[in-house]
Every structure is written in structure tokens, then in C-alpha cells.
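Residue-level structural notes
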Amino acid sequence: MFAATPVESMMFAGREIFVKRDDLIHPDFSGNKARKFQYFLANDFPHISKVVGYGSAQANSLHSLAVLAKMRGWQLDYYVDHIADYLEQNPQGNYLAALNNGANIIEKSAIDKLQAKDFENATDFKNASSFKNISGSEYSKEEQSLSLEEYVVSLSKNGLENELYIPEGGRCEYASVGLEQLGKQILDWAQLHNHVELNLFLPSGTGTTALFLQRFFIKQTCTNKPKVNVLTCSCVGGDDYLKLQFNQLTDISVYHPRIISNGTKYHFGKLNRQCYEMWQRACETGIEFELLYDPVGFIMLEHFLTNQGVEPQIDSSLPLMYLHQGGQLGNPSMLARYKRKYG
């Protein structure tokens, strides 16, 4: 469905690495979200008129789901815990792009506040003048204590036939369709360049992309295709959280990618000078990377490449490909925060 994305090279940690430019897959999609949502673009859903998702107000998936919904003629209801006052007053990045594509962004904390204040007089949230972006579904007091994910899951259990619910970040089996196409492109490239074995590195949030790629490559080992080792790192919640995400997708451990760690836990979205400086270093190569996942990815990649024995079962001297998954649309807002703090 999508054309093969190019592979470029760059110097990093004193050696050449290859960069799979999946950020170039589509002008309106972030790379891994285009792969994850490809199934919903390629198949017919005649009964669907609304797609429901959830995550943060600056998530790549918010923008990509808004584009998907617009292309399919669907309404997008996207739930977030909270929208920062600054972002609401100065829309930018994925949040602004999603609004421009017609997304209905629903702030759960606003529902909670409205329900607590005057629930008996506010059963129709869509018509509440001060909460025009809030869902019109009925809301019980018990739902106030639910996490965002739990709340949306509770909605899905009573969802209508015309509604399609997609887990955060596209964490579902349907994502494998587009990711296996990506895997085929990587194998074809490795074979074309006579690489018998290749290390593939990518930073992870939910780990969906890394796991489905690992599963695909494992299933190809009986063919005459190159061997690909998937290496990843945790960017959200730490290594234990990432392992939990792997187990929720499959309990077959051989499909779980190897997690590279230097022992430091980076708090997602929190400004970090080391991350900022690594991002600047990576971008000096002439390729723009994004500011949330890629800095942690390159920190862990450098640790892997420059310290022998980090992953004893993987040869760090093998040719290495870094998967660029897009997400640069969120850079302006993150960069402004970094410049305000570090100059």
C-alpha cells in the first residue's frame, strides 16, 4: 500500500549505521503509525462511522488517527487525560494537526470536573457550552476513578456497531499487517546489499512495532532470507513496563525483542539535557529525528555499540540499521521547551 521507504547512512559512535527512513512514508502519517494503521486503510468497514482512540494530547497517534478518520470519512473521538493550558491556548504540533483534520479531542479530566460539580444537570456533555469537545456518553461516578485506558475500555464494552475502538498507539494484532510489509522491505534491502545478518534498532513506547517485527523475522528464519536481530529500548515507563507490554501482545518469549539499557530510566516527556544534546548530535548528520523517543534510542544505541558484552548473544559489530519512525511534527513544541530551559 505504501511505497518502500529509502535507506540512508550516517556516522554514529565512530561507525557507519544505516537509517530506514520510515518517517518519509507519507506526508500526513508518522512512520510507525502509518504501518500500524495500514490495515484500517486497506480494508473496507462499511458499518463504521466513528473511530475512538486515546493517549496524550501531543501523541503521534492522535494526528495519525485524525488523518485516518478524515481519509475514511469517519469521526474521531480521541480521549486524553488533560490538555495543558498553554497547548490549548497555543495549539501546535500533533494537537493542532489533529484539530485541523477534524478530531474531537475529549479531555477526561474535564468530564470528571463537570460530573463532580453538577452531574445531575449535565447529562448531555456535547451540549454543555463550556465543554463542547466532550463526549455525549453517560457517565457514572465510579468512572471518575478509572485511568484513561480503563475508562475508554469501559466505553468500548458498550460501544455501538458503528464505532471502532483502537488501543493506545495502535497496540493490537491488526498492526502486524503494515509492520510485516516493513519487515519485508528490510529483508529485501539486506539481501540486496549482501548482509547475511543485520541488527535492527528502534526505541519503543508500547513495543508493538519492535515485537511484531521480531516475530516476523523469526518466522522467516527457515527461508534463505538474512537474519535480523531486533534490539529496542524503553522510552515509556521503564524496562519492566516494556516487558509487560510484550507479554500482553504475546507470551511467546522468543518473539520478545532484546531490550538494551544503560541502567538509566528516562521519564517520558520530561526535559533532560543528555537527551537534548544527543538529539543535537544525531541531527548534525543531516537527518532530523524527533525529540521524545529518538534521543533515548541513540543514547542506548551508543551504549550498545561502544561497550562490549552489553548483549552477549548479539554481535555489536554486525551491520546495524536504525528505524526512523517519524514524529518530527511534535518537535517545535518540545524544542521550544528545551530552549526555554537550556538556551
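Scroll up to find the structure.
**Overview of the pattern of salt bridges**
Summed over the entire model, instances satisfying the criterion amount to eleven salt bridges. A salt bridge links Arg21 to Glu8, with the nearest nitrogen and oxygen atoms 3.1 Å apart. Remark: Glu8 occurs in strand E1 (residues 7–12) and Arg21 occurs in strand E2 (residues 15–21); sequence separation between them is 13 residues. Between Asp23 and Arg21 there is a salt bridge; the shortest N-O distance is 2.9 Å.

**Some words on the sheet that holds strand E8 (residues 227–234)**
If you trace the six strands from one edge of the open sheet to the other, you get E1-E2-E10-E7-E8-E9, paired in mixed fashion. Edge positions in the sheet fall to E1 and strand E9 (258–259), since each of these pairs with one other strand and no more. As defined by bridge partners, E1 adjoins E2 across six bridges and the pair is classed as antiparallel. Its bridge partner lying in E2, Glu8 is registered against Val19. The sheet contacts of helix H12 (residues 294–306) involve E1, E2, strand E7 (197–204), E8 and strand E10 (320–324), and relative to E10 the element is tilted by about 170 degrees.

**A word on the environment of Ala98**
Note on placement: Ala98 falls in helix H5 (residues 93–100). What makes Ala98 buried here is its relative accessible area of 0%. Through-space distance from the C-alpha of Ala98 to that of Lys70 is 9.9 Å; in sequence the pair is 28 residues apart.

**With respect to the sheet that holds strand E3 (residues 50–54)**
The strand order E5-E4-E3-E6 describes an open sheet built from four strands, whose pairing is parallel. Both edges of this open sheet fall to strand E5 (104–107) and strand E6 (163–165), since each of them pairs with a single strand only. Direction aside, the axes of adjacent strands within the sheet are offset by 25 degrees on average. In this sheet, E6 lies alongside E3 in parallel orientation, the contact comprising three bridges. By the bridge assignment, Val51 is partnered in E6 with Leu164. Docked against the sheet, helix H3 (residues 60–72) engages E3, strand E4 (75–80) and E5, running at close to 165 degrees with respect to E4. Docked against the sheet, helix H7 (residues 148–157) engages E3, E4 and E6, running at close to 145 degrees with respect to E4.

**Overview of the packing of aromatic side chains**
In this structure the tally under the stated criterion is 19 aromatic pairs. Between Phe40 and Tyr174, the aromatic rings sit 5.5 Å apart at their centres with planes inclined by 70 degrees, giving edge-to-face as the arrangement. Of this pair, Phe40 sits in helix H2 (residues 38–42) while Tyr174 sits in the loop between E6 and helix H8 (176–192); the two residues are 134 residues apart in sequence, bridging distant segments of the chain. We classify Phe40 as buried; its relative accessible area is 1%. Note on Tyr174: relative accessible area 41%, which makes it partly exposed. One cation-aromatic arrangement involves Lys108 over Tyr151; the distance from NZ or CZ to the ring centre is 5.6 Å.

**Some details on unusual backbone geometry**
Of note in the backbone geometry, Ala13 takes a positive phi value of approximately 55 degrees without being a glycine. Relative to the helices and strands, Ala13 resides in the loop between E1 and E2. Owing to a relative accessible area of 26%, Ala13 belongs among the partly exposed residues under this scheme. Positive phi values are uncommon outside glycine, yet Asn194 reaches one of about 60 degrees. Relative to the helices and strands, Asn194 resides in the loop between H8 and E7.

**Section: the side chain of Asn199**
Within the secondary structure layout, Asn199 lies in strand E7. Of the residues examined, Asn199 reaches a relative accessible area of 0% and is grouped as buried. In contact with Asn199, not counting residues within four places along its chain, are Asn229, Leu231, Phe304, Ile314, Asp315, Ser316, Leu318, Pro319, Leu320 and Met321.

**Side note on the nonpolar core**
In this structure, Phe12, Ile17, Phe201, Phe289, Phe298, Leu301 and Phe304 are the most contacted members of the largest nonpolar core, which totals 33 residues. Put simply, the parts of the chain that give this core at least two residues each are E1, E2, E8, helix H11 (273–283), H12, E10 and helix H13 (331–342). The dominant element in this core, judged by the number of residues it contributes, is H12, at seven residues. Contact partners of Phe12, with chain neighbours within four places excluded, come to Ile17, Met278, Arg281, Phe298, Leu301, Glu302 and Leu305. Grouped together as the second largest cluster of nonpolar side chains are 30 residues, Phe40, Leu41, Ile48 and Val67 included.

**Examining H7**
Among the residues making up H7, those that are buried are Leu148, Tyr151, Val152, Ser154 and Leu155. End-on view of H7: buried residues confined to an arc of 155 degrees, all on one side of the axis.

So, how was this worked out
Residues numbered from 1 in each chain as written. Predicted model: local features only at pLDDT ≥ 70, side-chain atom pairs only at ≥ 80, totals over all residues. Heavy atoms only, no water. Salt bridge = Lys/Arg side-chain N within 4 Å of Asp/Glu carboxyl O. Helix = DSSP H or I, 4+ residues; strand = E, 2+ residues; numbered from the N terminus. Pairing = 2+ DSSP bridges. Contact = heavy atoms within 4.5 Å. Axes fitted to C-alpha atoms, helices over the stretch in contact; angles between N-to-C directions. Buried < 20%, exposed > 50% of the residue type's maximum accessible area, 1.4 Å probe, protein only. Phe/Tyr/Trp six-rings, centres within 6.5 Å; stacked < 30°, edge-to-face > 60°. Lys NZ or Arg CZ within 6 Å of the ring centre and 35° of its normal. Core = buried A, V, L, I, M, F, W, Y, C linked by side-chain atoms within 4.5 Å. Arc of directions from axis to C-beta.

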